Amino acid sequence: MFCLVSWKIAMRTVFIILSFVAAVYADTQCVAVGGTCQEDHQPCGAYQSGLCDGAANRKCCVPSASATYCGLVRLITRAEWGARPPTARSTIPTPVDFTFIHHTVGNRCFDQSTCSAQMRNIQGYHMDANGWGDIGYSYCIGEDGYAYEGRGWGVEGAHTYNYNRVSHGISYFGNFNNALPNEKALNAGQQLIDCGVSQNHIKSNYRLLGHRDVSATECPGHLLYDEIRTWPRYG
Ligand SMILES: [Zn+2]
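What counts and how
- Residues numbered from 1 in each chain as written.
- Predicted model: local features only at pLDDT ≥ 70, side-chain atom pairs only at ≥ 80, totals over all residues.
- Helix = DSSP H or I, 4+ residues; strand = E, 2+ residues; numbered from the N terminus.
- Expected span 1.5 Å × (residues − 1).
- Buried ≥ 20, exposed ≤ 12 C-beta atoms within 10 Å, placed from the backbone.
- Arc of directions from axis to C-beta.
- Pairing = 2+ DSSP bridges.
- Axes fitted to C-alpha atoms, helices over the stretch in contact; angles between N-to-C directions.
- Contact = placed C-beta atoms within 7 Å.

Trainee: Where do I start with helix H4 (residues 183–198) in this structure?
Mentor: Side chains that are three or four residues apart share a direction in an α-helix, a result of its 3.6 residues per turn. The end-to-end C-alpha separation of H4 is 22 Å, in line with the 22 Å expected for 16 residues at 1.5 Å each. Among all positions in H4, only Ala 185, Ala 188, Gly 189, Leu 192, Ile 193 and Gly 196 are buried. An end-on view of H4 places all buried positions within 135 degrees of arc, on one side of the element. Exposed residues on H4 whose side chains face more than 90 degrees from its buried face are Glu 183 and Ser 198. Backbone geometry just downstream of H4 places Asn 200 in the positive-phi region, at approximately 65 degrees.

Printed below as a string of structure tokens:
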């Protein structure tokens, strides 16, 4: 009897040790790029697939030191999406009074590589066809929940005629006349504005408007326009 109990304890110990080794082994590849394997429902700035053993939802969380955030929202910097340098750039007084919401009227995008390609396309169009100094928007929001850095804070954009020196323009990738951006993207837009306020790029008593509030345009799309009218500080 005593022997049987000892044997069971010994086997359990072996099992625990083997599990530990397996867990360490599973993390090896991810550790090589400086990240941690974890289930992808956990908060993480950027996940990389294909680096972790186990279930498909176990992914490598790349350390936040290598990622840029504005408050709670992950920023994809110009270097990350492969921006061309601007040919003209002028700063504006901050904090600004207005925040304008736009849509790009192009394709929606749901991952970093597709949204980054769209940033490069839009920038190319704005610079080469429109003759502007850079991509027109201050930031674009993808349905991966990331904010893509356009001209950034405190720089005059080319998004809202008559208001480019007193506002930032935040644009959603897609056409939102008949659809809404997903929850991730809606949250990211609001978190980006909150960050702009907390970093003093935007006045705390700012006015949030859609492009169509000051111009003859459908922008930011019928459904997205209805949505932002429910956000704090609209009007
Ligand atoms: Zn617009």
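Okay, back to it.
Trainee: Teacher, can you tell me more about the sheet that holds strand S10 (residues 202–210) here?
Mentor: For sheets, the rule is that strands pair by backbone hydrogen bonds, running either parallel or antiparallel. One open sheet holds the seven strands; their spatial order is S4-S5-S8-S7-S9-S6-S10, and the pairing between them is mixed. Each end of this open sheet is capped by a strand with a single partner; those strands are strand S4 (68–70) and S10. This sheet shows a mean twist of 30 degrees between the axes of neighbouring strands, independent of strand direction. In this sheet, strand S8 (residues 147–149) lies alongside strand S7 (residues 139–141) in antiparallel orientation, the contact comprising three bridges. Residue pairing for S8: Cys 140 is matched across the bridge by Tyr 148. Contacts from H4 reach S4, strand S5 (73–76), strand S6 (96–103), S7, S8, strand S9 (167–172) and S10, with the element oriented near 145 degrees to S10.

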